[in-house]
Amino acid sequence: MKLFHSITDFRSTKKTILTLGTFDGVHIGHKKILEKITQNTQDGKYESLVLTFFPHPRMVLQEKSEIKLLNTIAEKTKLLENTGIENLVIHPFNESFSRLTAEDFVSSILVNQFHIQKIIIGHDHRFGRNRTADINDLIAFGEQYGFEVEQISAQEIKDVSVSSTKIRKALTDGDMNLANEYLGYDYFLTGTVVKGKQLGRTIGFPTANLKIEEEYKLIPKNGVYIVKSIINKKVVYGMMNIGFNPTVGGQAQSIEIHFLDFDEDIYNLEISVSLLQYVREEQKFGSFDLLKEQLKKDKETTIAFTNKL
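Chemist: How should the sheet that holds strand β10 (residues 234-243) be read in this particular structure?
Modeler: Strands belonging to one sheet form pairs held by backbone hydrogen bonds; the direction of such a pair is parallel or antiparallel. Sheet architecture is closed into a barrel: six strands sit in the order β7-β8-β11-β10-β9-β12, paired in antiparallel fashion. In this sheet, neighbouring strand axes are inclined to one another by 45 degrees on average, regardless of whether the strands run parallel or antiparallel. Helix α9 (residues 176-183) rests against β9 (223-231) and β12 (270-280) of the sheet, and its axis sits at about 130 degrees to β12. Where helix α10 (residues 288-307) meets the sheet, its contacts fall on β9, β10, β11 (254-259) and β12, and the angle it forms with β12 comes to roughly 100 degrees.

What follows is the structure in structure tokens.
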């Protein structure tokens, strides 16, 4: 996959079949559209292209928006690459871009820059300044400028009945089963392993502390999770705590993973951790001994769960 960081950077000798959107989560609803794009370009006559934006438009246009995203830009890039798309354009979204009229967007970007042959889009897509243009306007532009418009019907979208908003809610509720079903993969966090207070190793449960740089990344509900990671090409399972470590008077949220049967030094290593199952809420225990007893139970739960995989 070729990656471009601006619309003006894109170059191709072929016409394109494209779609556009924020694609946060690259979930099963998005994949319906992306599959149509790749199916339409299998013969090599045209190139597949996805146009997406960063920052998320709501971060720019809504002053008090505190939207958290399902993917960092690096995670989204990797997920889109896995769909078989040939070209990905991540365009910087700003107020100036948001003021482009629908016709300017179509003529200068879709037609002149992307040499569009066909656009595949959701039935409810709106675009242009103040999102005033809809699918009917796009069809009219297609007739005017000579490109096809294929819309994903309301029924097709309803068949999967999924949205990034529903996934965000499931994650903040700790409903990993629903979130992962809608995503079509296990939700994951990517970060660097850093040194923590190292209190876990004093009670026999050493942890890897995960630092996530991107503040916009959605961190799921506080609590204990069963997780999976691939470290040095090996699948490793573990249990993860998201929270404030109230038993030891923690003041800041942390993400700590105790990996099973694993004792390698992974400080400063970037890893991705997939969340398989929510186990329980974070609790404050009266003593280290009570905490240790609970961690033993959590470990038994984790082993029982992973043994069935």
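Chemist: How should I be thinking about the pattern of salt bridges in this particular structure?
Modeler: Charged atoms that come close allow side chains of opposite charge to pair. Evaluated as defined, the whole model comprises 10 salt bridges. Salt-bridge contacts for Glu150 lead to Lys36; the nearest nitrogen and oxygen are separated by 3.6 Å. Of this pair, Glu150 sits in strand β6 (residues 148-152) while Lys36 sits in helix α1 (residues 28-40), and the two are 114 residues apart along the sequence. A relative accessible area of 22% places Glu150 in the partly exposed class. In this structure, Lys234 engages Glu264 in a salt bridge whose closest nitrogen and oxygen atoms are separated by 2.7 Å. Here the residue Lys234 occupies a position in strand β10, and Glu264 occupies one in the loop between β11 and β12, the gap between them amounting to 30 residues. When salt bridges with common partners are traced through the structure, they connect Lys36, Lys118 and Glu150 into a single cluster.

Chemist: Where do I start with the environment of Asn180 in this structure?
Modeler: Tracing the backbone shows Asn180 in helix α9. Among the residues examined, Asn180 registers a relative accessible area of 11% and is labelled buried. Placed 10 residues apart in sequence, Asn180 and Ala170 show a C-alpha to C-alpha distance of 9.1 Å. Residues within four places of Asn180 in sequence aside, it is in contact with Tyr185, Asp186, Tyr187, Leu275 and Leu276. One polar contact links Asn180 to Asp186, side chain to side chain, over a distance of 3.3 Å.

Procedures and definitions
Residues numbered from 1 in each chain as written. Predicted model: local features only at pLDDT ≥ 70, side-chain atom pairs only at ≥ 80, totals over all residues. Heavy atoms only, no water. Pairing = 2+ DSSP bridges. Helix = DSSP H or I, 4+ residues; strand = E, 2+ residues; numbered from the N terminus. Axes fitted to C-alpha atoms, helices over the stretch in contact; angles between N-to-C directions. Contact = heavy atoms within 4.5 Å. Salt bridge = Lys/Arg side-chain N within 4 Å of Asp/Glu carboxyl O. Buried < 20%, exposed > 50% of the residue type's maximum accessible area, 1.4 Å probe, protein only. Polar contact = N/O pair within 3.5 Å; in protein donor to acceptor, adjacent residues only side chain to side chain.

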